[in-house]
Amino acid sequence: MNILGIESSCDETAVAIVANGTTVISSAIASSMQIHALYGGVIPEIAARSHIESINSVIDQVFIDSGLNWDDIDGIAVTNGAGLTGSLLIGLLVARTLAIVKNKPLYAINHVEAHMYSNYLVDPPPKFPLLSLIVSGGHSQLVLFENHGKYVVLGQTVDDAIGEAFDKVAKIIGLPYPGGPSVAQAAKRGDPNKYNLPKAKLTNKYDFSFSGLKTAVLRCAQQVVGGDFRLSSTEIPTLLNNQQRYDIAASFQRIAVETVVEKTIAAYKEFKPKNVVIAGGVAANQELRQQMTERLPIKITYAPPALCTDNGAMIASLGCFMVMNGVEPADPYTLGVEPNLKM
Ligand code: KG4
Ligand code: ZN
């Protein structure tokens, strides 16, 4: 069974064909990240326009690469939330149109839930019950999956997502967007114990909070350059030297990663799942992978970095499992976007 997945929730126009939920037949991505990097963050209008410009050729590409045609496609899966409204609309309207014109069932995909499915694209696929740490630019959550479509959200962020914190910290210390890879790169040369940054304490032990940590980084950077709290975050990058930048990046990354690792270990001990998986853009972080591998008593599963960040294959994979589990398709004439869709 082959499902075509379409993803356009943020700055990646991504399409893939996946067989049986586990095999990527072909996958293509066009990203507008280079343009957003000039502004230090995603500009929704530019992202939406870029999706319009690239979506047809990205779809063509997966058919060219796979040698398949529409007769080989059993259904279309499309992200309808969460994400940027204008961006989601492009993928969704294209998917709705194709579902009608090609007469294919259409499946509405929750982007955050789909991130977990990147782990079904690596061999061997994880087993239920499974604990999933989903950490991206828009979300941080710990989810216990009892089966496909059957899960409990144990905890989530009460403010910023962890990826968002990486992006904001990068901006404060003058590193390029996206902040995750650039902070991780800078951290390699820094001392992770140089600065003492706080870990948030929350009522629900599985919830996350990263906005306090981000503010602590700002205060730390202001102090390091000898300024006070009035020094604006735009002035700091020019005053920091490289070693200070690396040390702040490393100290921040250590605390951010320790926070999610410790909560995952606590949830593992409480719920004793068969597998632990990490997913979402931040799952590409080497420090996170290393700490998880060293500190968890079982082997964790993670996908290659290209499947951790936004892609069409995870959307198609979840679509396959929805078909195999008898989930009703959506109405291609009425399906709408849900920018704030929750798990
Ligand atoms: O999953 P994703 O591609 O998009 C969302 O659904 O948000 O995640 C993007 C996020 C960005 O915040 C980016 O800075 C972060 O993932 N990221 C990383 C790394 N690579 C990407 N964060 C930490 N370390 C990385 N190596
Ligand atoms: Zn994502």
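Preceding this paragraph is the structure being described.
Let me sum up the structure you'll find in this document.

What counts and what doesn't
- Residues numbered from 1 in each chain as written.
- Chains lettered and ligands numbered in written order.
- Predicted model: local features only at pLDDT ≥ 70, side-chain atom pairs only at ≥ 80, totals over all residues.
- Heavy atoms only, no water.
- Pairing = 2+ DSSP bridges.
- Helix = DSSP H or I, 4+ residues; strand = E, 2+ residues; numbered from the N terminus.
- Disulfide = S-S within 2.5 Å.
- Buried < 20%, exposed > 50% of the residue type's maximum accessible area, 1.4 Å probe, protein only.
- Donors = N, O, S within 2.8 Å, 3.2 Å for Na, K, Ca; no water.
- Axes fitted to C-alpha atoms, helices over the stretch in contact; angles between N-to-C directions.
- Contact = heavy atoms within 4.5 Å.
- Salt bridge = Lys/Arg side-chain N within 4 Å of Asp/Glu carboxyl O.
- Patch = residues over 30% accessible without salt bridge, like charges linked within 9 Å, V, L, I, M, F, W, Y side chains within 5 Å.
- Areas by Shrake-Rupley, 256 points an atom, 1.4 Å probe, with all protein chains shown as cover.

## Structural notes on the pairing of strand β3 (residues 23-31)
Across 8 bridges, strand β2 (residues 12-19) lies against β3 in antiparallel orientation. Within β3, the position partnered with Ala-19 by the bridge is Thr-23. Hairpin connection from β2 to β3: 3 residues lie between these consecutive antiparallel strands, with Asn-20 at a positive phi of about 55°.

## A closer look at the state of the cysteines
Evaluation of the coordinates by the stated rule reveals 0 disulfides. The thiol of Cys-308 is not disulfide-bonded; the next cysteine sulfur, from Cys-10, is found 16 Å away. Here Cys-308 falls in the buried class, since its relative accessible area comes to 0%.

## Focus on the coordination of the zinc ion (ligand 2)
Around a metal, the perfect tetrahedron of four donors has angles of 109.5 degrees, and the perfect octahedron of six donors has angles of 90 or 180 degrees. Bound to the zinc ion (ligand 2) are the protein donor atoms His-111 (NE2), His-115 (NE2) and Asp-310 (OD), situated 2.0 to 2.1 Å from the metal. Taken in chain order, the donor set of the zinc ion (ligand 2) reads H-x3-H-x194-D. Pair noted here: His-111 is in helix α4 (residues 111-116) and Asp-310 is in the loop between α11 (305-308) and α12 (312-324), with a separation of 199 residues, a long-range link. The class for His-111 is buried, based on a relative accessible area of 5%. Classification of Asp-310 by relative accessible area gives buried; the value is 13%.

## Points about the sheet that holds β3
Taken in spatial order, the 5 strands of this open sheet run β3-β2-β1-β4-β5, and their pairing is mixed. Lying at the two open borders of the sheet, with one neighbouring strand each, are β3 and β5 (106-110). For this sheet, the mean angle separating the axes of adjacent strands, direction not counted, is 20°. Pairing of strand β1 (residues 2-7) with β2, which is carried by 6 bridges, proceeds in the antiparallel orientation. Each residue of the ladder has a partner; that of Gly-5, found in β2, is Ala-16. Lying over the sheet, helix α3 (residues 85-101) contacts β1, β4 (75-81) and β5, oriented at roughly 155° with respect to β4.

## Examining the side chain of Ser-132
Turning to its location among the elements, Ser-132 is positioned in strand β6 (residues 130-135). Excluding residues within four positions of it along the chain, Ser-132 makes contact with Met-116, Gln-141, Leu-142, Val-143, Phe-145 and Val-277.

## A few points about the pattern of salt bridges
If the charged atoms of two oppositely charged side chains come close together, the side chains can form a pair. If you walk through the whole model with that rule in mind, you get 10 salt bridges. Between Arg-295 and Glu-262 there is a salt bridge whose closest N-O contact spans 3.6 Å. Within this pair, whereas Arg-295 is found in helix α10 (residues 286-295), its partner Glu-262 is found in helix α9 (residues 242-271), the two being separated by 33 residues in sequence. Classification of Glu-262 as partly exposed rests on a relative accessible area of 31%. Here the residues in one salt-bridge network are Lys-199, Arg-254, Glu-258, Glu-262 and Arg-295, joined through shared partners.

## Comments concerning a nonpolar patch on the surface
Judged by side-chain polarity, Ile-35, Leu-38 and Tyr-39 come together as a nonpolar surface patch covering roughly 350 Å² of accessible area. Here Leu-38 is to be found in the loop between α1 (33-37) and α2 (44-66). Given the relative accessible area of 70%, Leu-38 is considered exposed.

The values are spatial; any link to function lies outside them.
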